[in-house]
Amino acid sequence: MKVKIVSSKLVKPLYEGNPPPTTPDCIPLSVFDKVTYDQHVAIIYAYRPPTPSNATIELGLRKALAVYREWAGRLGTDTNGGDPVILLKDDGVRFVEASVDRALDEKVTSTPSASMLSLHPSLEGVVELVQVQITRFSCGSMVVGFTAHHLVADGHATSNFLVAWGQASRGAEMTPLPFHDRTIFNSQNPPKLDFHEHRGVEYISKNFKKVYPLIDNSVEDIVTIKVHFTTEFLSKLKEKASSMNGAHKPFSTFESLVAHLWRAITKARGLNENETTQVKISVDGRARLNPKVPNEYFGNLVLWAFARCKVNELLQEPLSHATKLLHEAVINVNDDYFKSFIDFANHKVKEEELIPNAVADTKESILWPNLEVDSWLRFPFYDLDFGSGSPYIFMPSFSPTEGMIFLLPSFTTHGSIDVFVPLFRQNLDIFKQICYSLH
């Protein structure tokens, strides 16, 4: 697939009415911004014709940037202690127009592959905090490639921006408006610094050297497949996972499916039975902090839960055991845990010269024997409507990290789920054989 770049320019906010105040000229990153992944994340949308013009989409973007002004800024440091900030410079975001002289092959947008990398701007060496590429195909289809810097906002906040972009493109009111205050995460008085352990979890020593698994495979051996789980299968899976709960509330569909995938992938990998495997799951703090943080909060507000288990225990015990481990790990990342993290980040990180664990994670392409789960099930990504309806495909771009799993709502049937699973080629056949087994 040969993509021809037609134009590339910076697009700046369009302020209708009063221009923004000149102060503040920067926004300090919060403790949750600083601890997340320091990288761009790319996603892909595909739309069937008819589609709105590039000019309509660009105008909507400019209007949305006036409300979500951080995206048009740049990352920098303040003049006092050199702390990281978002500079509100209105320098703009990258807007690329492209074309392909052929019809859109739906195989390209069915499973992440290297061909997707031409459908959005490069993620390397980027100063812009958002990049957009509109690629038109001869059949009239349109693909929107979107990249955003994770230090500015998490998936929840980014999806709210994308919905607002669609609203602005349609000439509709942007609602709800974002909540911009990143200064709300204050330490407790007195701070509780020994309530939970955060060293080795969210933060590590800057001299810490990660030990990587001794395996024969390389990044070139990683293949990503898409697995579709129907509502009927998910219902049976949830029933099986919750069979030992008695009078207690059943486990969620998400917990049941992740537990099932954890066991299936562990078996497909052929891990040593005495090895320990873990699943890392992001936990949104908006509803967990007390008092609650508004859903419209724009920024990062995520920590991580870790479920761990010996391989032989994970595979010999029933599905309900793995699901319970996941459930307990997630519920333990509660209000107390989030507040303990705020205390630790404000009082210990600089003193002990710690760095975010996520910085080390971004350098990994192989998570073996572990997994990381990114759930996009609750984000309204499918609501990015520029005026001609919702996309018929939404998915992450190609990013071959073995063991990094994405869960998305399927566009085929309401309630069904698509899972993108990157594994080594040699483990795929076994995984395919057992991923739909309830036994």
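A brief report on the enclosed structure follows. Model, not experiment: these values are computed from the prediction.

The rules behind each value
Residues numbered from 1 in each chain as written. Predicted model: local features only at pLDDT ≥ 70, side-chain atom pairs only at ≥ 80, totals over all residues. Heavy atoms only, no water. Helix = DSSP H or I, 4+ residues; strand = E, 2+ residues; numbered from the N terminus. Contact = heavy atoms within 4.5 Å. Areas by Shrake-Rupley, 256 points an atom, 1.4 Å probe, with all protein chains shown as cover. Lys, Arg positive; Asp, Glu negative; His and termini not counted. Charge placed at Lys NZ, Arg CZ, Asp CG, Glu CD. Buried < 20%, exposed > 50% of the residue type's maximum accessible area, 1.4 Å probe, protein only. Pairing = 2+ DSSP bridges. Axes fitted to C-alpha atoms, helices over the stretch in contact; angles between N-to-C directions. Core = buried A, V, L, I, M, F, W, Y, C linked by side-chain atoms within 4.5 Å. Phe/Tyr/Trp six-rings, centres within 6.5 Å; stacked < 30°, edge-to-face > 60°. Lys NZ or Arg CZ within 6 Å of the ring centre and 35° of its normal. Parallel < 35°, antiparallel > 145°, perpendicular 65-115°, else oblique. Left-handed = near helix turned anticlockwise from the far one by under 90°. Nonpolar A, V, L, I, M, F, W, Y, C, P; charged D, E, K, R; others polar. 1 Å grid on protein atoms, 1.4 Å probe; cavity = no way out; pocket = protein on both sides within 12 Å on 5 of 7 lines; lining within 4 Å. Points joined across faces, edges and corners; volume = space filled by probe spheres on them. Arc of directions from axis to C-beta. Salt bridge = Lys/Arg side-chain N within 4 Å of Asp/Glu carboxyl O.

Let's talk about the overall build of the protein
- Counting its secondary structure elements, the protein contains 10 helices and 17 strands.
- Along the first, second and third principal axes, the C-alpha set of the protein runs to 65 × 60 × 45 Å.
- Counting contacts in the protein only where the partners sit at least 6 residues apart, residues at least 24 apart contribute 81% of the total.
- Roughly 20,200 Å² of accessible area belongs to the protein as shown, and the carbon and sulfur atoms make up 51% of that amount.
- Charged side chains of the protein number 44 positive and 50 negative; the gap between the two group centres comes to 3 Å.

Digging into the environment of Leu29
- Structurally, Leu29 can be placed in the loop between β2 (26–28) and α1 (31–34).
- When its relative accessible area of 7% is taken as the criterion, Leu29 is described as buried.
- What Leu29 contacts, discounting residues up to four positions off in sequence, is Lys34, Pro84, Val85, Ile86, Leu151 and Arg182.

Regarding the sheet that holds strand β6 (residues 93–100)
- Strand order in the open sheet formed by 6 strands is β1-β6-β7-β8-β3-β15, with mixed pairing between adjacent strands. Where the open sheet ends on each side, the last strands, each with one partner, are β1 (4–11) and β15 (393–396). Put simply, the sheet's adjacent strands are angled 15° from each other on average, direction ignored.
- Pairing between β1 and β6: 7 bridges, direction antiparallel. Considered in β6, the bridge of Lys4 is made with Ser99.
- Set on the sheet, helix α2 (residues 54–67) makes contact with β1, β6, β7 (130–137) and β8 (142–149); between it and β6 the angle comes to about 165°.
- Contacts from helix α3 (residues 155–169) reach β3 (40–47), β7 and β8, with the element oriented near 140° to β8.

Comments concerning the nonpolar core
- With 65 residues, the main nonpolar core has Phe32, Phe185, Leu257, Trp262, Leu407, Val419 and Phe431 as its most contacted residues.
- Here this core gets 9 residues from one element, more than from any other, and that element is helix α5 (residues 253–269).
- Ignoring sequence-local partners within four residues, the contact set of Leu407 consists of Phe254, Leu257, Val258, Leu261, Val373, Asp374, Ser375, Trp376, Leu377, Ile417, Asp418 and Val419.
- Listed in part, the 60 residues of the second largest apolar core include Leu104, Leu129, Met395 and Phe406.

Section: the sheet that holds strand β4 (residues 74–77)
- Read from one edge of the open sheet, 3 strands run β2-β5-β4, paired in antiparallel fashion. Of all the strands in the sheet, just β2 and β4 have a single pairing partner and so form its edges. Each strand of the sheet is rotated relative to its neighbour by a mean of 35°, with strand direction disregarded.
- Bridge count between β4 and strand β5 (residues 84–87): 4 bridges; the pairing is antiparallel. Residue Thr77 lies in a different strand from β5, and its bridge partner there is Pro84.

Focus on the packing of aromatic side chains
- All told, the structure shown has 26 aromatic pairs when counted by the stated rule.
- Over the ring of Tyr392 we find Arg48, and its NZ or CZ is 3.8 Å from the ring centre.
- A cation sits over an aromatic face here: Lys280 above Trp304, 4.8 Å from the ring centre.

With respect to the packing of α5 against helix α10 (residues 425–434)
- Orientation of α5 relative to α10, taken along the N-to-C sense of each, is 140°, at an axis distance of 8 Å. Viewed along their axes, α5 and α10 adopt a mutual orientation that is oblique. Judged by the twist between their axes, the crossing of α5 over α10 is right-handed. In this structure, α5 uses His260, Leu261, Ala264, Ile265, Lys267, Ala268 and Arg269 to contact α10, whose residues at the interface are Asn427, Ile430, Phe431 and Ile434.
- Looking at the contact of α5 with α10 residue by residue, the classes come out as 7 nonpolar, 2 polar and 2 charged.

Notes on empty space enclosed by the protein
- In total, this model carries 3 cavities of 30 Å³ or more according to the counting rule given.
- The volume enclosed by the largest cavity comes to roughly 70 Å³.
- Lining of the largest cavity is provided by Pro112, Thr224, Pro396, Ser397, Phe398, Ser399, Pro400, Met404, Phe406, Phe420 and Pro422.
- Of all the elements in the fold, those that place two or more residues in the lining of the largest cavity are β16 (404–409) and β17 (417–424).
- Taken together, the residues that form the lining of the largest cavity break down as 8 nonpolar, 3 polar and no charged.

Quick look at helix α4 (residues 231–241)
- When α4 is considered as a whole, its buried residues turn out to be Phe233, Leu234, Leu237 and Ala241. For α4, the angular spread of the buried residues around the axis is 95°, confining them to a single face. In α4, the exposed residues that point more than 90 degrees away from the buried face are Glu232 and Glu239.

Some remarks on the pattern of salt bridges
- Under the criterion given, the structure shown has 16 salt bridges.
- Among the ionic pairs, Asp90 bridges to Arg69, the shortest N-O distance being 3.0 Å. Here Asp90, found in the loop between β5 and β6, pairs with Arg69, found in the loop between α2 and β4; they are 21 residues apart in sequence, far enough to count as distant.
- Note on Asp90: relative accessible area 15%, which makes it buried.
- For Arg69, a relative accessible area of 15% puts it in the buried group.
- Arg199 is the salt-bridge partner of Glu197, the closest N and O atoms lying 3.4 Å from each other.
- By relative accessible area, Glu197 is classed as partly exposed at 46%.
- Judged by its relative accessible area of 34%, Arg199 is partly exposed.
- Salt bridges here are not isolated pairs; linked through shared partners, they connect Asp154, Asp284 and Arg286.

Shape is all these values report; function is a separate question.
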